[in-house]
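# Structure at a glance
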Amino acid sequence: AFIAAASAAVLGTALGSQFIGGLRPCELCHWQRYPYVATILLGIAGAVLARRAPRGNAAPALAALAGLVFLAGAGIAFFHVGVEYKWWEGTNACGAGGGTIQSIDDLRRMLESAPIVRCDEPAWSMAGISMAGYNMLVSLALAAIALLGARRTWSSRSS
């Protein structure tokens, strides 16, 4: 339940910054949201299984899986931080939108209609740390909590 609630809080913060705060996310920002959707589902499933079968191993296994998903999310966030610091280039989607350009008029229409949200320019930062940087730290902390929680549960059941 904690995993689901924490993930929902982080995802809600990202969505709030977008829809209330007006910060437009880039492609890598979107990628960083997927692990939270997955951990919300894993957390809900784990909470349900923990209530139905309190002595079973499914709930701690789901917590461990959530921990691994958080680590993957931290990796995505780290990649984004590297793009922001120009350590490496972002993906092809980290700039202008795709589409078929067959003439100068097509290019002009595309540029006028699609706002460009660059992955290498942080939309927000505090104390020199961007949202991607904070997301990496939060993902690592949640991974540790999930993995330690799963380990403790398995340890307490084996003793």
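Anyway, here's the lowdown on the structure attached to this text. No experiment lies behind these values; they were computed from the predicted model shown.

This part is about the state of the cysteines. A full pass over the atoms with the stated rule returns one disulfide. Here Cys94 pairs with Cys119 through a disulfide, and the sulfurs are 2.3 Å apart. With the S-S bond torsion at -80°, the cross-link from Cys94 to Cys119 turns out left-handed. Here the residue Cys94 occupies a position in the loop between α3 (58–84) and α4 (104–113), and Cys119 occupies one in the loop between α4 and β1 (125–126), the gap between them amounting to 25 residues. On the basis of relative accessibility, which here comes to 13%, the residue Cys94 falls in the buried class. Not engaged in a disulfide, the cysteine Cys26 finds its nearest cysteine sulfur in Cys119; these two sulfurs lie 3.4 Å apart. Residue Cys29 stays outside any disulfide, its sulfur separated by 3.4 Å from that of Cys26, the closest cysteine.

Our next topic: the environment of Ile3. Residue placement: Ile3 occurs in helix α1 (residues 2–19). On a C-alpha basis, the gap between Ile3 and Leu142 in space is 7.7 Å, while along the polypeptide they are 139 residues apart. Leave out the neighbours within four places in its chain, and Ile3 touches Thr39, Gly43, Ala63, Ala66, Phe70 and Ala146.

Okay, unusual backbone geometry next. Not every positive phi belongs to a glycine, and Lys86 is a case in point at roughly 65°. Relative to the assigned elements, Lys86 resides in the loop between α3 and α4. A positive phi is found at Ala127, a non-glycine position, where the angle reads about 60°.

Right, let's talk about the pattern of salt bridges for a bit. This structure, assessed with the given rule, holds three salt bridges. Among the ionic pairs, Asp120 bridges to Lys86, the shortest N-O distance being 3.8 Å. Residue Asp120 is found in the loop between α4 and β1, and its partner Lys86 is found in the loop between α3 and α4; the two are separated by 34 residues along the sequence. Lys86 sits in the exposed class, given a relative accessible area of 54%. Taking the shortest distance from any N to any O, the salt bridge between Glu121 and Arg118 comes out at 3.5 Å. Since its relative accessible area comes to 37%, Arg118 is described here as partly exposed. One connected set of salt bridges, linked through shared partners, spans Lys86, Arg118, Asp120 and Glu121.

Quick notes on the rules
Residues numbered from 1 in each chain as written. Predicted model: local features only at pLDDT ≥ 70, side-chain atom pairs only at ≥ 80, totals over all residues. Heavy atoms only, no water. Disulfide = S-S within 2.5 Å. Helix = DSSP H or I, 4+ residues; strand = E, 2+ residues; numbered from the N terminus. Buried < 20%, exposed > 50% of the residue type's maximum accessible area, 1.4 Å probe, protein only. Contact = heavy atoms within 4.5 Å. Salt bridge = Lys/Arg side-chain N within 4 Å of Asp/Glu carboxyl O.

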